[in-house]
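Residue-level structural notes
Single-letter residue listing:
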Amino acid sequence: MKRILLIGTGGTIASEVTEGGLAPELATKDLLAHIPEISEICRVDCVQLLNLDSTNIVPEHWLMMARCIREHYGDYDGFVLTHGTDTMAYTAAALSYLIQKSPKPILLTGAQKPIGFDSTDSKINLTDAFRCATEDLPGVSIVFNNRVIPGTRARKTRSKSFQAFSSINYPYLGVLQGGVLLRYIRQECGDAPVFYDALDPRVALMKLTPGADRAQADFLLEQNDALIIESFGVGGLPEGGGFYECLHRWMDAGKIVVLTTQVSNEGSDLGVYHVGRRLKNKLRVLEAYDMTTEAVVAKLMWILGRTREQAEVERLFYQPVAQDILWPADT
């Protein structure tokens with residue numbers, strides 16, 4: 001029987017009703033007490049790493065999770081992390097960069113309703129995650145609502161219903177039916193994982209709105225090492241408002257700028273319209289293509305934790321990691 005390490009970080013799955021609203025209160029062993037049938041699937045040991053609402057998760061916590069897995073990697077066949085749903089996609093992306101080429105499953109799951117509620121998705125999600133942890137399912141994934149989603153492709157697209165997560169611009173890795181994993185895609189892996197232990201959290205995100213000018217971008221670039229701009233459609237910036245001059249100034253000063261799109265599916269293509277083409281051709285801003293915003297945030301933090309040299313940042317950004325980008329050849 002395979003050995004799986006359950007790592008608790010909090011979230012709705014571990015929450016109880018308090019006077020101030022739902023709050024994480026339960027430990028990992030409390031979760032297991034609700035689903036004793038797990039003992040028939042695998043042997044489980046527990047680590048209570050955090051007990052936080054995922055709104056309170058920060059990059060330092062991602063490093064803690066990666067270190068925990070690294071310290072225990074040789075002792076277990078797979079890993080399950082319970083996590084709040086609100087920032088789970090960011091954590092899954094971050095772990096995909098901090099732990100690369102893992103031949104063992106590293107699975108995140110959680111719930112939209114606490115495990116103690118009568119109507120809850122907690123028990124099935126956690127059970128499915130343990131089933132997947134015993135399978136040949138390498139790399140970092142989210143297991144939720146009977147779906148297995150690559151860690152770099154997940155996004156929370158529903159705030160309340162059980163079908164909380166979607167896989168953006170990439171197929172599901174598999175589905176679970178009747179407790180059986182039907183795997184569609186096997187992520188690439190190595191003989192051993194490659195761990196990283198540094199992130200630069202000074203990465204900002206700006207959502208473009210009609211009528212915006214450069215003031216917000218100037219402020220964010222002054223305070224941070226990189227700025228991601230979620231633009232409209234396939235991508236571009238207004239020709240008024242001083243955006244071009246803003247980016248030119250800050251990129252000359254060594255800041256990194258990435259253009260992505262607010263549209264969830266099909267990605268960006270800066271070469272289509274004039275408002276995007278000169279940004280790519282003259283300023284050489286980076287383009288997210290079909291990457292999720294969550295993956296772009298985490299990838300930039302990982303890259304800038306390794307290097308500040310712009311050519312190397314560009315090379316690493318377009319180098320696919322864990323199926324995060326499919327269009328690098330178009331750069």
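Refer to the structure printed above.
Presented here is a report on the structure given in the accompanying data block. (Residues numbered from 1 in each chain as written. Predicted model: local features only at pLDDT ≥ 70, side-chain atom pairs only at ≥ 80, totals over all residues. Heavy atoms only, no water.)

Next up on the list: the overall build of the chain. The secondary structure content of the chain amounts to nine helices and 18 strands. Oriented by its inertia axes, the alpha-carbon framework of the chain measures out at about 60 × 50 × 30 Å. The buried share among the 331 residues of the chain stands at 54%. The long-range share in the chain, meaning contacts at least 24 apart out of those at least 6 apart in sequence, stands at 70%. Accessible surface computed for the chain: about 14000 Å², of which carbon and sulfur atoms make up 47%. Of the side-chain charges in the chain, 33 are positive and 40 negative, and the distance between the mean point of each set is 3 Å. (Helix = DSSP H or I, 4+ residues; strand = E, 2+ residues; numbered from the N terminus. Buried < 20%, exposed > 50% of the residue type's maximum accessible area, 1.4 Å probe, protein only. Contact = heavy atoms within 4.5 Å. Areas by Shrake-Rupley, 256 points an atom, 1.4 Å probe, with all protein chains shown as cover. Lys, Arg positive; Asp, Glu negative; His and termini not counted. Charge placed at Lys NZ, Arg CZ, Asp CG, Glu CD.)

Right, let's get into a nonpolar patch on the surface. A cluster of nonpolar side chains, Val17, Leu22 and Phe117, forms an exposed patch at the surface whose accessible area comes to about 270 Å². Relative to the helices and strands, valine 17 resides in strand S2 (residues 15-18). Looking at valine 17, the relative accessible area reads 61%, which means it is exposed. (Patch = residues over 30% accessible without salt bridge, like charges linked within 9 Å, V, L, I, M, F, W, Y side chains within 5 Å. Salt bridge = Lys/Arg side-chain N within 4 Å of Asp/Glu carboxyl O.)

Listed in full, the buried residues belonging to helix H5 (residues 215-223) are Ala217, Asp218, Leu220 and Leu221. Check the buried side of H5 and you find it contacts strand S15 (203-207), strand S16 (226-231), helix H6 (243-252) and strand S17 (256-261).

Here we come to the pattern of salt bridges. Think of it this way: side chains of opposite charge can pair up when their charged atoms draw near. Under the criterion given, the structure shown has 17 salt bridges. Close ionic contact of aspartate 225 with arginine 202 constitutes a salt bridge, the shortest N to O distance being 3.3 Å. In this pair, aspartate 225 sits in the loop between H5 and S16 while arginine 202 sits in the loop between strand S14 (194-195) and S15, placing the two residues 23 residues apart along the sequence. Between glutamate 287 and lysine 280 there is a salt bridge; the shortest N-O distance is 3.2 Å. An identical accessibility class is assigned to glutamate 287 and lysine 280; each is buried.

The pairing of strands in a sheet comes from backbone hydrogen bonds and takes either a parallel or an antiparallel form. Here eight strands make up an open sheet; going across it, the order is S4-S1-S5-S7-S8-S9-S12-S13 and the pairing mixed. At either end of the open sheet lies a strand with only one pairing partner, and these are strand S4 (43-52) and strand S13 (180-183). Between one strand axis and the next, the sheet turns by 25° as a mean value, whatever way the strands run. Across four bridges, the pairing between strand S8 (residues 139-144) and strand S9 (residues 147-150) is antiparallel. If you follow phenylalanine 144 over to S9, its bridge partner there is arginine 147. The strands touched by helix H2 (residues 59-72) are strand S1 (3-10), S4, strand S5 (78-82) and strand S7 (105-109); relative to S4, the strand with the most contacts, the crossing angle is about 160°. Contacts from helix H4 (residues 122-133) reach S1, S4, S5, S7, S8, S9, strand S12 (174-177) and S13 within the one sheet, and its direction differs from that of S7 by about 175°. (Pairing = 2+ DSSP bridges. Axes fitted to C-alpha atoms, helices over the stretch in contact; angles between N-to-C directions.)

Pairing between S2 and strand S3 (residues 21-24): four bridges, direction antiparallel. Bridge pairing in S3 places threonine 18 opposite glycine 21.

Moving on: the packing of aromatic side chains. Under the defined criterion, the tally for this structure stands at eight aromatic pairs. Their ring planes at 65° and their centres at 5.1 Å tell us that phenylalanine 144 and phenylalanine 165 sit as a pair that is edge-to-face. With a gap of 21 residues between them, phenylalanine 144 in strand S8 and phenylalanine 165 in strand S11 (residues 165-167) connect regions that are remote in the sequence. Residue phenylalanine 165 is classed as buried on the basis of its relative accessible area of 4%. Plain terms: the ring middles of phenylalanine 317 and tyrosine 318 are 5.4 Å apart, the flat faces sit at 75° to each other, and that makes the pair edge-to-face. Residue tyrosine 318 is classed as buried on the basis of its relative accessible area, which comes to 11%. (Phe/Tyr/Trp six-rings, centres within 6.5 Å; stacked < 30°, edge-to-face > 60°.)

The subject of this paragraph is the sheet that holds S16. Spatial strand order, S15-S16-S17-S18: four strands in an open sheet with parallel pairing. Two strands in the sheet have a free side with no partner beyond their single neighbour: S15 and strand S18 (286-287). Two strands pair when backbone bridges link them, and S16 and S17 are joined in this way by six bridges, in the parallel orientation. Within S17, the position partnered with glutamate 230 by the bridge is threonine 260.

Two measures define how a pair of helices packs: the angle their axes make with one another and the distance between the axes. Put simply, helix H3 (residues 88-98) and helix H8 (residues 293-304) touch, their axes get as near as 8 Å, and they point 40° apart. Comparing their axes, H8 and H3 come out oblique. Along this stretch, H3 crosses H8, giving a crossing that reads as right-handed. On H8, the residues touching Ala89, Tyr90, Ala93, Ala94 and Tyr97 of H3 are Glu294, Ala295, Val297, Ala298, Lys299 and Trp302. Its residues placed into classes, the contact of H3 with H8 shows nine nonpolar, no polar and two charged. (Parallel < 35°, antiparallel > 145°, perpendicular 65-115°, else oblique. Left-handed = near helix turned anticlockwise from the far one by under 90°. Nonpolar A, V, L, I, M, F, W, Y, C, P; charged D, E, K, R; others polar.)

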